[in-house]
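# Coordinates in review
Here's the letter readout for the chains.
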Amino acid sequence: MGKKLWRAVVAGGAAAAFTGVATIPAGAAEGGVSFTRVHVNGGKPIVIGASKEVAVPSSFRMATTHKWQWPAVFLYRGNTGDRLWHAIETSDCTKVSPGVCDFNETMYFDPSVWDMHNSEAGAWKVAAEVSFQGGGGDTDDEDLTVYVKRSSRLTVNASPEPVSKGGTITVTGKVTRANWETKKYASYEGRLVSLQFKPSDATSYSTVKKVYANSSGDLRTTVKASKTGTWRWVYYGNTTTAPSTSPGDHVAVK
């Protein structure tokens, strides 16, 4: 991963400072700090689109007798120097007891600002760190995994509208996903996508069939018209790409 800058917004609303972060292998911290109750995005995957900033809530508890500055949790692979770079904002200490503080943190991911790579989608580990006033610090692996995923999108069109009962309905669509390097959505070929239908007198969808997208990400299939209702496509995602659901397309059967 190329060297990037990491913005640390210090507690109390101080001005943002830009700083490089040294490589500290997991388990090689100087010690003296305990991090607990670490949570990132409520345990859910972090889904990032092609160009809009995503704010990810995090929280943690820190206990130490050292004088400290700039506590934070972050994402890494390999060792804690191989980070998914982003902007952060950390709250002031909410004192729990002497030497023990709770913090809320927000991670900001923005492909339009940071040089994000598609290869960065997937599993990341979580670590926490703090710097000591006067030098040194502590970095601890928190034994948590967070998935960072590229956003996906689906479109749908069902025709003709209306259609005679027993006639043929052609349902088309397209599946795309965010390309962080071009900052656009691109065709996501070969995906297995479910076609779902909800009759007008029903409250939920059911899967009718599954269709593979072609090399351009296009979806196409035909079904027999039996009831008036709404058609949609659903993609369930994978370890690098988030699930998505198309809008519904209502077709009246006469």
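Coordinates for the structure precede this section.
This section reports on the structure supplied with the text. (Residues numbered from 1 in each chain as written. Predicted model: local features only at pLDDT ≥ 70, side-chain atom pairs only at ≥ 80, totals over all residues. Heavy atoms only, no water.)

## Some words on the sheet that holds strand β11 (residues 122-132)
- Read across the open sheet, the five strands follow the order β4-β12-β11-β6-β7; overall the sheet is mixed. Of all strands in the sheet, those with a lone pairing partner are β4 (46-48) and β7 (79-83), marking the two edges. Taking each pair of neighbouring strands and ignoring which way they run, the sheet shows an average axis angle of 45 degrees.
- Pairing of strand β6 (residues 68-77) with β7 involves two bridges; the strand directions are antiparallel. Counted as the bridge partner of tyrosine 76 is arginine 83 from β7. (Pairing = 2+ DSSP bridges. Helix = DSSP H or I, 4+ residues; strand = E, 2+ residues; numbered from the N terminus. Axes fitted to C-alpha atoms, helices over the stretch in contact; angles between N-to-C directions.)

## Examining the pairing of β6
- Examined bridge by bridge, β6 and β11 share seven bridges and lie antiparallel to one another. Across the sheet, the residue bridging to alanine 72 is glutamate 129, located in β11.
- Hairpin connection of β6 to β7: one residue between the antiparallel strands, including glycine 78 at a positive phi of 70 degrees.

These values are about where atoms sit, not about what they do.
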